[in-house]
Amino acid sequence: MRAAFASRTDADNPLAALTVGEQPEPVHPDDDWVTVQVRASSLNHHDIWSLRGVGLPADRLPMILGCDAAGIDPDGNEVVVYPLIADPGDPRGISILSEHFPGTFAERVAVPRSNLLPLPAGMSLTDAACLPTAWLTAWRMLTTKGRVDDADAVLVQGAGGGVATAAVALAVAMGKRVYATSRDAAKRARIAELGATAVEPGARLPERVDVVVETVGAATFDHSLKSAAPMARIVVSGATAGHEPTVNLRRVFAMQLEIVGTSMGTPDELRDLLAFCAERKVRPVVDSVVPFSRIGDAFAQLHAGTVFGKLVVDHTA
Ligand SMILES: NC(=O)c1ccc[n+]([C@@H]2O[C@H](COP(=O)([O-])OP(=O)(O)OC[C@H]3O[C@@H](n4cnc5c(N)ncnc54)[C@H](OP(=O)(O)O)[C@@H]3O)[C@@H](O)[C@H]2O)c1
């Protein structure tokens, strides 16, 4: 079947490690697994990390990439695929599709049947394909980890990213005052259209915030600390710009800050997110929808950092 996969890894030039071509049909490691016909998928920075070899050792190659999918189950139902699989061999106890088990950038993907959630009424498969990774991560950052119900103001760093645009859209829909940084003036203009107050990286905010959504890392972490109100939660799910920031511990204890790590979310959190988006008519921020034949261009755009929101792949084109 047609697929986009890591044929090797390349830490310096990840795009050179991407191959689009034929891969074997999915196999079912257990009786409860089913095959989904993928209709739409979306890219995440995780796919770039995989091509760099982060979390993808040579003995698992070739590996079909892609964490997100929506499609059709064996009974003909439209479904959203929850991308985490129980994985006793992994120190986290789970792995995400494309780490141990083949990913979603293919005509078909196999997952346990319990990983399938019904597509909410009124939601398109292309919109749904944005939600299981970046949007689920943002949802858990705000809700379970950030306890945003107790917050008035939220700061989102690196606002052009998939997780970051999700966090802005969700926090605005929750009625919070949202500040968002971006290095790019055009992205700041677009994030303001979503209802956030857009600022340059490092800019002083008009107020301290109760929750910070941090996926950038070293380039923004000091600003996250400085912008945090007493007892604030700085929730970290990524470190695109470096994972070893300098941390002013005096500020951490004096302001009684919580620095909280998180990854992805639970199936129940994905169910809650789908319901929230359906009820509030919140739709993912989509940069563009590209046909599968142009998936390489989408990877190049994500790598270049010029994306605003999610890059969606249409598997029917
Ligand atoms: N732990 C998890 O479960 C989980 C889930 C999803 C994602 N993640 C991680 O979260 C991060 C973001 O993922 P994503 O898919 O949203 O990525 P993305 O769409 O590629 O977003 C990255 C954003 O980071 C900002 N950025 C990059 N380099 C920067 C720099 N040097 N200085 C300041 N800002 C910079 C950019 O914002 P501006 O251009 O607007 O400044 C860019 O839009 C990745 O590291 C990813 O691995 C983790």
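Above this text is the structure in question.
Right, let's walk through the structure included here. Owing to the predicted nature of the structure, the values given are computational and were not obtained by experimental measurement.

### A closer look at the site of the ligand
Alright, step 1. Neighbouring the ligand are 24 residues; His 45, Ser 182, Lys 187, Ser 237 and Met 264 lie closest to it.
Alright, step 2. In the model, an oxygen atom of the ligand is placed 3.0 Å from a nitrogen or oxygen of the Gly 160 main chain.
Alright, step 3. One of the backbone nitrogen or oxygen atoms of Gly 161 is found 3.1 Å away from an oxygen atom of the ligand.
Alright, step 4. Secondary structure elements with two or more residues in the shell around the ligand: α1 (45–52) and α4 (162–173).
Alright, step 5. Within the shell around the ligand, the residues separate by chemical class into 9 nonpolar, 13 polar and 2 charged.

### Side note on the packing of helix α3 (residues 131–145) against α4
Alright, step 1. Two elements in contact, α3 and α4, have axes separated by 8 Å at closest approach and are oriented at 50°. Relative to α4, the element α3 is oriented oblique. Crossing of α3 against α4: the hand is right-handed. In this structure, α3 contributes Ala 134, Trp 135, Thr 137, Ala 138, Trp 139, Met 141 and Leu 142 to the contact, and α4 contributes Gly 162, Val 163, Ala 166, Ala 167, Ala 169, Leu 170 and Ala 171.
Alright, step 2. Residues of the contact of α3 with α4, tallied by class, amount to 12 nonpolar, 2 polar and no charged.

What counts and how
- Residues numbered from 1 in each chain as written.
- Predicted model: local features only at pLDDT ≥ 70, side-chain atom pairs only at ≥ 80, totals over all residues.
- Heavy atoms only, no water.
- Near = heavy atom within 4 Å.
- Polar contact = N/O pair within 3.5 Å; in protein donor to acceptor, adjacent residues only side chain to side chain.
- Helix = DSSP H or I, 4+ residues; strand = E, 2+ residues; numbered from the N terminus.
- Nonpolar A, V, L, I, M, F, W, Y, C, P; charged D, E, K, R; others polar.
- Axes fitted to C-alpha atoms, helices over the stretch in contact; angles between N-to-C directions.
- Parallel < 35°, antiparallel > 145°, perpendicular 65-115°, else oblique.
- Left-handed = near helix turned anticlockwise from the far one by under 90°.
- Contact = heavy atoms within 4.5 Å.

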